[in-house]
Amino acid sequence: MQVAERGWVRPIITVYSRGLPDQTKKFEGFITAAFWIGLYHTEGEMESVKVRQPNESYDNDVANLGEFTSLMVQRQINFSVEFFSEPTPHQAIAGQQASGNPLAEEIPEEIEDADEVDFESQLTRIKDAYRSGLVNKKQYETKKGAILKKWKDKVEGKLET
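Calculation criteria
- Residues numbered from 1 in each chain as written.
- Predicted model: local features only at pLDDT ≥ 70, side-chain atom pairs only at ≥ 80, totals over all residues.
- Heavy atoms only, no water.
- pLDDT = per-residue confidence, 0-100.
- Helix = DSSP H or I, 4+ residues; strand = E, 2+ residues; numbered from the N terminus.
- Contact = heavy atoms within 4.5 Å.
- Pairing = 2+ DSSP bridges.
- Axes fitted to C-alpha atoms, helices over the stretch in contact; angles between N-to-C directions.
- Salt bridge = Lys/Arg side-chain N within 4 Å of Asp/Glu carboxyl O.
- Buried < 20%, exposed > 50% of the residue type's maximum accessible area, 1.4 Å probe, protein only.

## Remarks on the confidence of the model for the protein chain
Here the protein chain shows a mean pLDDT of 75. Residues at 70 or above account for 71%. The secondary structure element of the protein chain with the lowest average pLDDT is helix 1 (residues 2-6), at 40, and the one with the highest is strand 2 (residues 25-27), at 89. Below a pLDDT of 50 lies the segment residues 1-6, which in the model reaches four contacts outside its immediate sequence neighbourhood of four places, other chains included.

This is the structure:
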């Protein structure tokens, strides 16, 4: 089966709830996402919807996306649609060799002057990157742990002096 060999990528639909970031949900199917959107919208807790659609989609994917966005327009729900392409195996290997983490340059591993580092903004930045899909859960947890450890070490260092 050709779909299985290619590693078929599904759309990623993120439903943001108003004022309740812990209730943000991610789905890989339009029907399930539409159900939750209807639930949130009925309860008045709907903030917005973000759809990330792979560039290499099939005709029924495009038709489903069209119906889904039509529903969003009819219900006057804020939404955005982004298209992405999967990296080729060569690009993926090169990307892993480069840094392995898209935020590696933003959050330095070695902090020379810990007094000037804003740990809270770094945590916010990595959380936003995770929510937007720039980093996966494992990368998020690893980077968050590293930031929190450095912050803890800074606080403990000040307490000891």
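## A short note on the sheet that holds strand 2
With mixed pairing, the four strands of this open sheet are ordered in space as 2-1-3-4. Only two strands of the sheet have a single partner each, and these edge strands are strand 2 and strand 4 (79-84). Averaged over all pairs of adjacent strands, the angle between their axes in this sheet comes to 15 degrees, without regard to strand direction. Taken together, the three bridges between strand 1 (residues 12-17) and strand 2 define a ladder with antiparallel strand orientation. Residue pairing for strand 2: T14 is matched across the bridge by K26.

## Overview of the pattern of salt bridges
Should the charged atoms of two oppositely charged side chains come close, the side chains can pair. Under the counting rule described, the total for this entry stands at five salt bridges. Two residues, E82 and K50, come together in a salt bridge whose shortest N-O distance is 3.5 Å. With a gap of 32 residues between them, E82 in strand 4 and K50 in strand 3 (residues 46-54) connect regions that are remote in the sequence. Residue class for E82 comes out partly exposed when judged on its relative accessible area of 34%. A relative accessible area of 12% means that K50 is categorised as buried.

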